[in-house]
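# Coordinate analysis (summary)
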Amino acid sequence: MQEKYKKIFISLIIIYAVVYLLTFPLGNHALVILLKPGAALFAWLSMRFFAPLIEVNQSVKKIVSYGFLAWFLADVFAMMGEMVVFMGNYQQIALFSLEVVFFAISRILILATIAGLYGFVTKKTSQFQVIADLMTVVVCMGISFWLIFFKPEPGLPWSLMISGDLATIFSFFYLGLSLFVQGFLLLNWLYFKERAITIGHKISLIGFAIVSWTDLISAIYSNMIYQGDLIELAYQIGVLMIAIGGVYFDHNSVTQLTARKEKKKTATWKNGLYFLVYPLFAWYIIGFDIDILIYFLAIAFYMVSCLYTRQIEMTKIVLEKEIASNKKLKDQHYFTNQLLDAMPGGIFYVSRDDQLLGVNNKLSRHYGPEVEDYLNRDFSEFPHMSKADYREYCKMKEEALSTRKPSVRQSSVLSSGGREVSLFSLNVYYLADGSVGGFLGVFTDISEIKEKERELKVALKNANAAIEAKSLFLANMSHEIRTPMNAILGMSHLVKQTDLDVKQEDYINKIHSAATSLLGIINDILDFSKIESGKLEMEIIDFNLKKVINDTILLFTEKISERKIELLINLPPHLPQWFRGDPLRLGQVLTNLVGNAVKFTSSGEIEVAISQEEHRGNMQQLKFSVRDTGIGIAQKNLEQLFEPFTQNDNSTTRHYGGTGLGLSISRNLIEMMGGKLWAESDLGVGSTFSFTIWLTKSVQQVSGRETASNRDKKKSVCLAGLKILVAEDNPVNRQIAEEFLKQEGALVDSVENGEVALNRIIDANYKDYYDLILMDIQMPVMDGFEATRKIRVLNANIPILAMTARTMSSERDECLKSGMNDHISKPIDPQALCHVILKYVKPKSKDGVSDAAIEASEPPVTKEEKSDAIRAEATKILEINWEMLTNRLGDNQDLILTLLTVFAEIHSGMADEMETALETRNEALLKQKLHTNRGVLGNIDATNLYQQVCKMEAELFKSGMNAILQQDLITFKADFNHFYAAILNFLDTQSQATR
């Protein structure tokens, strides 16, 4: 029922009780008679509709409902009889007889209800205890009946109850019934008080007790039934309490057999004291009689039975715990076995004295079913264990016992299917008292892992081979690209030193600028490869920070002036000038950022700023910022700018060019220096690229630092009087090196390979003649490495500088390992060349150098008027692309004549040498000749012959020395002979013209 109906019902009960009580002081006997059935009606409604008993208690609920329905009907018949007597002044015996019958029925049903409730609450009670309860009640009831009804002398009022008249029979019936109800109420109370019962149960039980005691008093004093309003009031109070208690019944009550309260061990037998109510009652009725002591024998029996029952329950609890514990141990054992069987590795366990106790399924399947035959036998008898294995097992036991840690080995285990590689772990297991119980061994099959490991080693070896191949490819590509780049930049630099008209100077400047840009791209690719492979190393030296910034700005001064961009330099006033770090890489990052700012800014300003951030001892964190007012970058594209080969968008590459490597390399360089590079930008407003790095303050004290004006006043030749030997197989590169060195005042000798250079040093006339040697690496007859090692035997002090187009760090390390002092990369930068040379030798004063040497060191001057005859005759050599050659060499006819003369002297046997290598099946020699000739023909722009050599080289790498290669070489030889004859004819014509 809903809560509101309960409240309404309780309100009606309260109203009824108040009205009923008011009838007594008012003296309205008729109203008392009319209200008499109300209490029983409320009790019936409460038990029928409000008591929330569970399904198993529905029979109890029906019985008690019918009991109070009978009570209600008895009250109705009593009301009707009393109203007839009250109104008609005569007796209505029939109605009173019906009243007595229905009252008897209601009491029987109430007794059945209380007995049923007792049976329900004792379902989990010991049956011996229930029997003891019932026997004690029956015995006490029997003694009471015998003492009250049968033992007294005839004539006592209560002994007349069995004399035969109806009133005394019903009195006897009520007395016996009341005693039974009281007994069962007592038993219910004994069990109820051990449970968490609700207030509704307590109120109902008290109500039943009041009704039962009222019945008992009425049976003993039958004359009070119709003479006392107190008896009637007691009935109404008891019944109303039952009605109220029914409303407050709860599902979570004793009727659901909730857990009993934990009682003290001595509490059960004390329940026997409650049965003292029976001897006290008999004493009250008949007075003291010696036979009353019989009660105490019954009560003593009950107490003993309670103690015995308690002992039985304790024993039962112990047994149940033991059973539960055994079941738990059994379950735990079963679980442990399943757990061991579920393990991926094989597991065995042995006792302290090496008795094999058990194995899991994995190990059993591994060794076969016969393993079960060796359980509880000495472990050394196990057939799959060799003597060597057992000795190793004993060592592992000692190790595990001494270290109290698992002993682990990798071993080859013999199984039914052969030997397998396993990881064997032996552990000590301990008993509860801390003593050693035995050993637990675990085998983990790692055969598959070892196979994977072998595969990974092979894959790693292949990957390293691929990395080496990539490094070799990059080294070769660097060499092949830098060799012609050296010629382009070197010759353009030399041409710029001659007298040029405005148009020629414009041409040569553009050639030099384009070549410099191309070299920058090559350097970016190589730097990216070094960073990717982790081979890029940072240098830590003292450097002038302001010089690094000034050198960076000077690179872009011309472009900034052309675009009329305002350049701002913002340096802190107290910024230290000298630091320790890598100035080359710092300058590279600044050059990239400033170059991007210049590239993407058409107007406005560019600001280069430095700020001092944190200090940590001798360390200083500097923040560099390059801000521009250029095109800006969209926010979504900012982070991807630092990915390799990535730019703002596709239009950026079309409009401004670039590879997209610069920022990626810059970020990696900054991170290698312990810093961070980031960008901030607004599209159409401009960008700011910033980075932070940690630099160590230099302790170097610089005195007498040269100013820019002082440097301008110095003599232009920086290598005056130095005697330098150049070993270079390529005539063009050799000529460029000679020209650069001579312009700087050096005395230069050049040779074509390492063997000739070695012979020069061996020659007594030249033994201590040279101040320094520039040594190419890749040369015929004897390469630079071998020549250096042999020269070091003769002269350990002469500086030897490697001069090669290969720039990989491995190449540099090999140079230093062979005995060289330093490394100069091609294309040769004159300033860098002078800087490296001056690290090892000092120039001689002008006074110590002859006038002839100084004169020889002056840069050559080209005639202003070019010879029309030379140009006309030279263009007759159809195999040369004259447009490309003259653009590349600035139309310098003297230089073209020199190149062709050198080619005719050195490479007359080019085709014959390749043919000999092919006929002798010398593939390595043929590869070398093709590689060299490709570069030589490319330098003089003999396009058709160059392409033929490229085709033969590709065919050789692809298919080896086959018939196709042989046929191509025949065609090349015929074309080359015609080409060489044309060159000789041209040179002969020029010789005759000179004469």
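Just so we're clear, the structure is a prediction, and the values are computed from it rather than from any experiment. (Residues numbered from 1 in each chain as written. Predicted model: local features only at pLDDT ≥ 70, side-chain atom pairs only at ≥ 80, totals over all residues. Heavy atoms only, no water.)

## What to know about the overall build of the protein
In terms of regular secondary structure, the protein is built from 33 helices and 17 strands. A buried classification covers 45% of the 995 residues belonging to the protein. Counting contacts in the protein only where the partners sit at least 6 residues apart, residues at least 24 apart contribute 70% of the total. Of the accessible surface of the protein, which amounts to about 52100 Å², a share of 59% is contributed by carbon and sulfur atoms. (Helix = DSSP H or I, 4+ residues; strand = E, 2+ residues; numbered from the N terminus. Buried < 20%, exposed > 50% of the residue type's maximum accessible area, 1.4 Å probe, protein only. Contact = heavy atoms within 4.5 Å. Areas by Shrake-Rupley, 256 points an atom, 1.4 Å probe, with all protein chains shown as cover.)

## Quick notes on the side chain of serine 425
If you trace the backbone, serine 425 turns up in strand S4 (residues 418-430). Excluding its chain neighbours within four sequence positions, the residues that come into contact with serine 425 are Pro406, Ser407, Val408, Leu440, Gly441 and Val442.

## Points about a nonpolar patch on the surface
A cluster of nonpolar side chains, namely Leu280, Trp283, Phe288, Ile290, Leu293 and Phe296, defines an oily patch on the protein surface of about 670 Å² accessible area. For the nonpolar patch, the secondary structure elements donating two or more residues are helix H10 (277-286) and helix H11 (293-342). Structurally, the position occupied by isoleucine 290 is in the loop between H10 and H11. (Patch = residues over 30% accessible without salt bridge, like charges linked within 9 Å, V, L, I, M, F, W, Y side chains within 5 Å. Salt bridge = Lys/Arg side-chain N within 4 Å of Asp/Glu carboxyl O.)

## A word on the packing of helix H17 (residues 583-599) against helix H19 (residues 662-672)
Put simply, H17 and H19 touch, their axes get as near as 10 Å, and they point 145° apart. Relative to H19, H17 is oriented so that their crossing is left-handed. Where H17 approaches H19, its residues Arg585, Gln588, Val589, Asn592, Leu593 and Asn596 are matched on the opposing element by Gly662, Leu663, Ile665, Ser666, Leu669 and Ile670. Taken together, the residues of the contact of H17 with H19 sort by class into six nonpolar, five polar and one charged. (Axes fitted to C-alpha atoms, helices over the stretch in contact; angles between N-to-C directions. Left-handed = near helix turned anticlockwise from the far one by under 90°. Nonpolar A, V, L, I, M, F, W, Y, C, P; charged D, E, K, R; others polar.)

## Concerning the packing of aromatic side chains
Two descriptors summarise a pair of aromatic rings, namely the distance from one centre to the other and the angle between the planes of the rings. Per the counting criterion, the structure on display carries 11 aromatic pairs. Judged by centre distance (4.8 Å) and plane angle (10°), the ring pair of phenylalanine 624 and phenylalanine 691 falls under stacked. With phenylalanine 624 in strand S10 (residues 619-628) and phenylalanine 691 in strand S12 (residues 686-697), this residue pair connects regions lying 67 residues apart in the sequence. An identical accessibility class is assigned to phenylalanine 624 and phenylalanine 691; each is buried. Its guanidinium or amino end placed over the ring of tryptophan 678, lysine 676 lies 5.9 Å from that ring's centre, counting from NZ or CZ. It is lysine 723 that lies over the ring of tyrosine 769; its NZ or CZ is 5.5 Å from the centre. (Phe/Tyr/Trp six-rings, centres within 6.5 Å; stacked < 30°, edge-to-face > 60°. Lys NZ or Arg CZ within 6 Å of the ring centre and 35° of its normal.)

## Description of the sheet that holds strand S17 (residues 822-825)
Strand pairing in a sheet relies on backbone hydrogen bonds, with the paired strands running either antiparallel or parallel. The strand order across the open sheet built from five strands is S14-S13-S15-S16-S17, with neighbouring strands paired in parallel fashion. Every interior strand has two partners, whereas the edge strands, strand S14 (747-751) and S17, have only one. Strand after strand, the sheet turns through a mean of 25° between neighbouring axes, direction not considered. Of the pairings in the sheet, the one linking strand S13 (residues 723-727) to strand S15 (residues 772-775) comprises four bridges and is parallel in character. The residue bridging leucine 725 from the neighbouring strand is isoleucine 773, located in S15. Packed onto the sheet, helix H22 (residues 754-762) meets S13, S14 and S15 and runs at close to 130° relative to S14. Its contacts with the sheet put helix H23 (residues 784-794) on S15 and strand S16 (800-804), and the angle it makes with S15 is roughly 160°. (Pairing = 2+ DSSP bridges.)

## Some words on the environment of glutamine 743
Looking at where glutamine 743 falls in the secondary structure, it is placed in helix H21 (residues 731-743). For glutamine 743, a relative accessible area of 11% puts it in the buried group. Considering only alpha carbons, one finds glutamine 743 and proline 830, 87 residues apart in sequence, at a separation of 9.7 Å.

## With respect to the nonpolar core
Ranked by internal contacts, the top residues of the largest apolar core, which has 61 residues, are Phe68, Trp71, Phe208, Phe275, Tyr278 and Tyr295. Filtering out sequence-adjacent residues up to four positions away, phenylalanine 275 remains in contact with Thr136, Val137, Cys140, Leu186, Leu187, Ile299 and Tyr302. (Core = buried A, V, L, I, M, F, W, Y, C linked by side-chain atoms within 4.5 Å.)

## Section: the packing of H22 against H23
For the pair H22 and H23, the least separation of the axes is 9 Å and the interaxial angle reads 5°. With respect to their mutual orientation, H22 and H23 come out roughly parallel. Of H23, the residues touching H22 (which contributes Gly754, Leu758, Ile761 and Ile762) are Ala787, Lys790, Ile791 and Leu794. In terms of residue class, the contact of H22 with H23 is built from six nonpolar, one polar and one charged. (Parallel < 35°, antiparallel > 145°, perpendicular 65-115°, else oblique.)

## Quick word on the pattern of salt bridges
Summed over the entire model, instances satisfying the criterion amount to 17 salt bridges. With its nearest N and O atoms 3.2 Å apart, the salt bridge here joins aspartate 822 to lysine 839. Here aspartate 822, found in strand S17, pairs with lysine 839, found in the loop between helix H25 (830-838) and helix H26 (851-857); they are 17 residues apart in sequence, far enough to count as distant. On the basis of relative accessible area, aspartate 822 is assigned to the buried category, the value being 7%. Here lysine 973 and aspartate 912 are joined by a salt bridge, their closest N and O atoms 3.3 Å apart. Pair noted here: lysine 973 is in helix H33 (residues 963-994) and aspartate 912 is in helix H30 (residues 910-919), with a separation of 61 residues, a long-range link.

## Quick look at the pairing of S15
Of the two faces of S15, the one holding Leu772 and Leu774 and the one holding Ile773 and Met775 are both buried throughout. Where S15 lies against S16, three bridges are found, and the strand directions are parallel. Counterpart to methionine 775 in the pairing with S16 is alanine 802. A crossover links S15 with its parallel partner S16, the connecting element being H23, and its sense is right-handed. (Right-handed = clockwise from strand over helix to strand, strands pointing away.)

## Examining unusual backbone geometry
Located in the positive-phi region is valine 781, a residue other than glycine, with phi close to 70°. Structurally, the position occupied by valine 781 is in the loop between S15 and H23. Take valine 781: its relative accessible area is 63%, and that puts it in the exposed class. In this structure, arginine 921 takes a positive phi of about 60° despite not being glycine. Its place among the elements puts arginine 921 in the loop between H30 and helix H31 (923-939). You can call arginine 921 exposed: its relative accessible area is 53%.

## A short note on the confidence of the model for the protein
In this model, the protein carries a mean pLDDT of 76, and residues with pLDDT of at least 70 account for 77%. Scored below 50 in pLDDT, residues 154-164 shows 23 contacts in the model against residues more than four places distant or in partner chains. (pLDDT = per-residue confidence, 0-100.)

## Let's talk about the environment of serine 106
Mapped onto the fold, serine 106 is located in helix H5 (residues 93-121). Residues serine 106 and isoleucine 63 lie 43 residues apart in sequence; the distance between their C-alpha atoms is 9.4 Å. With sequence-adjacent residues up to four places away left out, serine 106 is seen in contact with Gly67, Ala70 and Trp71.

## What to know about H21
With 13 residues, H21 should cover 18 Å at 1.5 Å per step; its first-to-last C-alpha distance of 18 Å lies within 8% of that length. In terms of burial, H21 is largely enclosed, as 11 of its 13 residues are buried. Of the residues making up H21, those classed as buried are Pro731, Val732, Asn733, Arg734, Gln735, Ile736, Ala737, Glu738, Phe740, Leu741 and Gln743. Among the residues trailing H21, glycine 745 stands out with phi positive, at a value near 90°. (Expected span 1.5 Å × (residues − 1).)

## A look at the environment of phenylalanine 642
You can see phenylalanine 642 is positioned in the loop between S10 and helix H18 (650-656). You can call phenylalanine 642 buried: its relative accessible area is 6%. For the pair phenylalanine 642 and serine 666, spaced 24 residues apart in the sequence, the C-alpha separation amounts to 8.5 Å.

## Quick look at helix H16 (residues 545-563)
Taking 1.5 Å per residue as the helical rise, H16 with its 19 residues ought to reach 27 Å, and the 27 Å between its terminal C-alpha atoms agrees with that figure. Along its length, H16 shows its largest kink, about 50°, at phenylalanine 556. All of the buried residues along H16 are Leu545, Val548, Ile549, Thr552, Ile553, Phe556 and Ile560. With a side-chain oxygen positioned 3.0 Å from the backbone nitrogen of lysine 546, the residue opening H16 is asparagine 544. Note on H16: the residue one or two positions beyond its end, lysine 564, has a positive phi of about 55°. (Bend = angle between axes of the 7 residues up to and from the residue. Polar contact = N/O pair within 3.5 Å; in protein donor to acceptor, adjacent residues only side chain to side chain.)

## What to know about the side chain of lysine 723
Within the secondary structure, lysine 723 sits in strand S13. This buried residue, lysine 723, is left without a salt bridge; aspartate 771 holds the nearest opposite charge, at 4.8 Å. Beyond its immediate sequence surroundings of up to four residues, lysine 723 is in contact with Leu747, Tyr769, Tyr770, Asp771, Leu772 and Lys844. (Lys, Arg positive; Asp, Glu negative; His and termini not counted.)

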